[in-house]
Structures are given as C-alpha cells and as structure tokens.
2 protein chains.
Amino acid sequence: MGGDFGPRCIIPAVARCLQQIPGLSVVLVGSPEPMTSLCQKHRLPGDRISFVHTSETILANDLPASVLRNKRDASMRVAIEQVRDGVADGCLSAGNTGALMVLSKTLLGTVDGIQRPAIMAALPVAGKFCHVLDLGANVDCSARQLFEFAVMGSEAVAELTDIQQPRVGLLNIGGEINKGSLRVREVSELLRDSRTLNYIGHIEGHELFQDRADVVVCDGFVGNVLLKASEGLASYMQAELGRALSGNFILRLLGPLLRRALKPMGERLDPDRYNGAVLLGLQGVVVKSHGNADQYALEVAIAQAVRACQSDMPQRIAERLVRCRSDLL
Amino acid sequence: MGGDFGPRCIIPAVARCLQQIPGLSVVLVGSPEPMTSLCQKHRLPGDRISFVHTSETILANDLPASVLRNKRDASMRVAIEQVRDGVADGCLSAGNTGALMVLSKTLLGTVDGIQRPAIMAALPVAGKFCHVLDLGANVDCSARQLFEFAVMGSEAVAELTDIQQPRVGLLNIGGEINKGSLRVREVSELLRDSRTLNYIGHIEGHELFQDRADVVVCDGFVGNVLLKASEGLASYMQAELGRALSGNFILRLLGPLLRRALKPMGERLDPDRYNGAVLLGLQGVVVKSHGNADQYALEVAIAQAVRACQSDMPQRIAERLVRCRSDLL
C-alpha cells in the first residue's frame, strides 16, 4: 500500500467506493498497521474486505530489476500475485511506476502478440478526454510496438468510455506524411493500411487540446514529458489566474462569485478527476494511481480499475489484435 | 517574404522597427509587388531599406531537399545568400522551417565542431523565459548533438538575455540519473563532467513551468511536441476562462475590470511576445518567426534578430565550444 500518503488516504477512499460500487470487494495488501486500525476507524464492512500482510516497501528510487530480485514481500508484488493467482480481478497501486510495470509484466505476462505493455492516461479536452499512450513504460519504441499501442488504446477506450470507434491519431511534428522520425513514418504506414482502426492520421502537439482524437499514440519518453508538462502548465496558469484576480480590491470582494464561476473549469482540468492510468497489454488488470493522489483521486482510480476489470480488458485486447493482424496481411 | 500574412504584416512591422531601432537597415527580399507599394504606403525611409526581387515561393508542404535543388530564386534562399555574401548581418523568415534549416545549413555552413544546427525558442515562466532547444530541426539526435545543444543554448541565452550563467537542464522522464533513454543517460554524463556549463541535472515536464532552468535541452521531436502542446493548452485554457467568465451576468457586467486584471497574465503567456526562434550553430544569424505572426509578433522577431546579430552569436558559440571541449578532456 504505497503512494505519498499511504493507508490514511487509501482506506477512506476504499470505504467510500465500497458504499458506492455494489459488488465490489477489496483485498488490502500492506503492513498490518496502520491499515487494520484505519479499517476499524472507517468501519469497512468485514465481509467485503480481506487483508494480506506484507513486510517490505518499494521506494521511489528503487531500480525495477532490483525490486524484482530482492523485494519478494513488497505489497506491490504481493498485490499483483493476487491477480496472477485469481484471488483478485485487478490491482491498483500508487507506487513506483517502473517497478509496477516490471513486476506486472514478469508475474502476469503479456497478452499474446504484445511485445511490451503500455501505460495509458487521459488529458482533459473540452469536457471530454484525449487518451495518450505510452506514458513512460517504454522509452524507446519500435514501429511495431507503436502499432500495438494504437490497437490497445483503441480497444481500451472503446471499453472504458461510450465511444464506439475511437479516433486514433499518431503524435508527430507535422501533419504531412513525410514528417517525423523514421519510426513514426514507418508506423504511420502500418496505421494507414489498417482497416479495423479508426485512424485519423498525424496529431501535432497543439491538436491534443482541440478534440481531434480520442487516442493518441507516442513513445513513453514523449508521452511522459507531454503529460507532466501539461499538468505543470495547467497548475502554473491556475496560480497566475489566482494572483491576477486577488490583486484587485473589487475582484477580491467578488471572490465567492468568481470562484463559483471558475469552479467547473478548474474541475475539468483537475488531474485528480482523471486519475488511474491503465497498464495495457498485460494478462490481467493493473491500474496506476498518481503517487500524490488524495482520497478523491484514489476513489477515481478505484472506479477506473473496476471498469477495467468489468470489461475483461486483456481478453478484448487479444481478440482485437488478432483482427488487426489479419487486417494487415 | 513568407509567413501566412506576407508583406502586408511584414512591411508595417519593419516600418515600426526602423523607427525604434537606431542603426537598423533592412534588405527586403520578395516579389516586387505588393512589397514596393506597401513600402511607399508605410513611408519606409529609402536610405535604410533596399530591395532584392525574387520570383519563386516556398510552400508549407515543399520538401526541403527539393527546395534546395529546384527553387533557386525563392525569397528565403536569396535572403540567406545576403547573409552568406556579407550584404546582411542576419536573416529573418516566417516560412517553411525545414526548408529554412536546410538552406541555412547548406548556404552558410555550421560553426566549427557543430554537427547539426538547432532551433531554440522560449516558453514563458513566471515572467521570465525557459529556453528550449531543439524544436524540430533534428528529429533523431545523438548524445554528442544534445551536448552541443547545451553549449549553444547556454551561450545564446547568456548573449540574448542578462543571465550570466544560464542554468542548463536536460529534459528527462525522471530526476534520477538512471532514468531516460540510453542517449539521454549518455549526454547526462557528459554534462555532469563539464565544468564550464552551469548544468543543474534532469528537468521533468512539469518543472519546465517552475523556473528551474534557463535552458532545457531535448531532441527536436520532443521539443516540437512540447512547444506546440504548451501553446495549444494555453489557448484552450484561455478560451475556457473566457467562457466561464462570460457565462455569468454579473461577471459580464464586470467585463472591462476583469479584462484589465487578466491582461498582464494574458500578455505573459502570449506566444507573440516571445516570437523569434534562433537557429543556433550556423555560420551566420538566422531567425525563424511563427508562420502566423501578426505585425506585433514580427516586430518582436525583428528585435530578436537584431540582438542575435549584435552579439555575433556564431563566433561566441565557436569559442564556447572550444572551452567546453577542452573542459571534457
């Protein structure tokens, strides 16, 4: 049980989700304390929770390979083992992303035909979402991997949202087909040839915020920089806005009115509202929460994990991949 | 004479810069009309302007290699030739970036020791700027090239701003030294070993907007996506803000007051205010304006080109490179 705030945020979030999501039951994996006493305090229903106690902790700086070899009783590893062993339908973690990816891949394995799993998360656009993958699991990607990301992203968005034929775009530095790196041009051809994907072509950086695509494919380095930069810029602009509005006497008096008017915009841009990045391509459901998620953000991530479990994502991706492959031949 | 609006924006911008920058004289390169009549209309001083008439136009979709071979009388090419031949100290263009880079590199050559020129532009942060390079000239970069970008960026920012020892960061997907692609880890070591650069380590996406670094180095694919995404998100947020404030009757009445309070923020984030990306590493000064620059944005770019000429950037970069090299040995 990780993340910056640990059980004291996770347990109340679980408590609320148990109230709101019928049929949900939760396996809590971590040190006995303060987990057990927090569960009593928040009155978690005993028949819908169970505990697995662990003794080791994965730190933010731990190398994934070393975690894999040495920390066999870490809560993250044991939680994934619950999925592997069929005890849990899916795993949610707020811990070290690299370790989560390596442990998931090793313990669960990948869907047949998928070389590397990818992490998908959402950027808020015009009240909707633009789903971007990969977000950091794969730093250097081959064209084949990027094609797999497109297939996985398309299927996952169709399952997690009500969009039937998600518009799939390829992140590039120009709209023309001769633009971009060698790898991007190569995958661009594969995607154009696919008949089962709703491929709409290249997407440039600014088009991410113009509701052009539902799924945007890129390598993990670009995706990670993009997501973090977007969150950084949004926070910076909101801080500037706050300063601008509090610098004027009349506007300070109108504070409550302004806050009410700006609240929906703040909520639409709030990263907490779309917490829960799905690791796609695994033989099991694994969802990653922001490390600094608060209670509300964790509730969102739990709901996302529940959706991923209900749709049987691994099986859907495997089937879709077979269709796309035959489609390319 | 290119860009989306051509001479009808460029000529008035030149007129104002001639008024404001003593000692500036301008060589205008392009079709005779409407250039000549616009110069008369805006009363450009005859002794400080000269004309070179050209007959060809480079289009946004033209391939750089084909431009190089075929369009020998394009205004962009002829303008760069003015620099090569010592007629002009620097060249400003709002045309096709790829063509500008290839023509500049071929006609002017690179500074001794620089493999590939890079494009540097500024992101606004806390009333200051974070300079990012490369922004799209080099899609796949070696560690050596990224190191050269750090040297060029540091020198250019020291010359173009009043920052003596610019803080140089390397864009990466984690703060730890073992994070990132193979290439990024390699250049990270080179930069740590350098004693003449003020290298501050890795910069993650969100830290770009926290005034952590004055210069941030990345490959052209990442830099281009980052810059365009930032501009796209800033526009999107400003549009959302406008909608939020105009949706309330009382706030609509307070429109003028709100606009006045928000104006400084809008100006700080306005891409026009930092128009003029410098092509670094060439044996001559070449500055690129946004294609869709209006008159004000073009004035900013002209001023930037003048600063780059005054500091004798190519010579400074060559000298700095020699110091950094000996420093690494």
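As a reminder, the structure under discussion sits directly above these lines.
Nothing here was measured: the structure is a model prediction, and the numbers come from that model.

Parameters at a glance
- Residues numbered from 1 in each chain as written.
- Chains lettered and ligands numbered in written order.
- Predicted model: local features only at pLDDT ≥ 70, side-chain atom pairs only at ≥ 80, totals over all residues.
- Heavy atoms only, no water.
- Helix = DSSP H or I, 4+ residues; strand = E, 2+ residues; numbered from the N terminus.
- Rg over C-alpha atoms; globule rule 2.2 N^0.38 Å.
- Buried < 20%, exposed > 50% of the residue type's maximum accessible area, 1.4 Å probe, protein only.
- Contact = heavy atoms within 4.5 Å.
- Areas by Shrake-Rupley, 256 points an atom, 1.4 Å probe, with all protein chains shown as cover.
- Buried area = accessible area lost by both parts, 1.4 Å probe.
- Salt bridge = Lys/Arg side-chain N within 4 Å of Asp/Glu carboxyl O.
- Polar contact = N/O pair within 3.5 Å; in protein donor to acceptor, adjacent residues only side chain to side chain.

**Student:** Looking at this structure, I do not really get the overall build of chain A. What am I missing?
**Tutor:** Looking only at helices and strands, one finds 12 helices and 10 strands in chain A. In summary, chain A has a C-alpha radius of gyration of 21 Å against a globular reference of 20 Å for 329 residues, a match within 12%. In terms of overall dimensions, chain A has a C-alpha envelope of 60 × 60 × 35 Å along the principal axes. Burial analysis of chain A (329 residues in total) assigns 55% to the buried set. Excluding contacts between residues fewer than 6 apart, the proportion of contacts in chain A whose partners are at least 24 apart in sequence is 68%. Summing over all exposed atoms, chain A offers an accessible surface of approximately 13,900 Å²; the carbon and sulfur share of this is 50%.

**Student:** What is the right way to read the interface of chain A and chain B from this model?
**Tutor:** Between chain A and chain B, the residue contacts involve 53 residues of the former and 53 residues of the latter. Carbon and sulfur atoms make up 74% of the area that chain A and chain B hide from each other, which totals about 4,600 Å². Together, Ile173, Phe221 and Met237 of chain A form the three largest contributors to the area buried by chain A at its contact with chain B, with a combined 15%. At the junction of chain A with chain B, the criterion picks out 2 salt bridges. On the surface where chain A and chain B come into contact, there are 6 residue pairs in polar contact (both at pLDDT 80 or more). Put simply, the parts of the chain that give the side of chain A that touches chain B at least two residues each are β4 (118-125), α7 (182-193), α8 (220-246), α9 (249-253) and α10 (255-269) of chain A. Top element by residues in the side of chain A that touches chain B is α8 of chain A. It accounts for 19 residues.

**Student:** Just checking my understanding: could you explain the side chain of Ser188 of chain B for this structure?
**Tutor:** All names here are of chain B. Tracing the backbone through its elements, the reader meets Ser188 in helix α7 (residues 182-193). Side-chain polar atoms of Ser188 contact the side chain of His202, separated by 3.0 Å. Sequence-distant contacts of Ser188, defined by excluding residues within four places in its chain, comprise Leu170, Tyr199 and His202.

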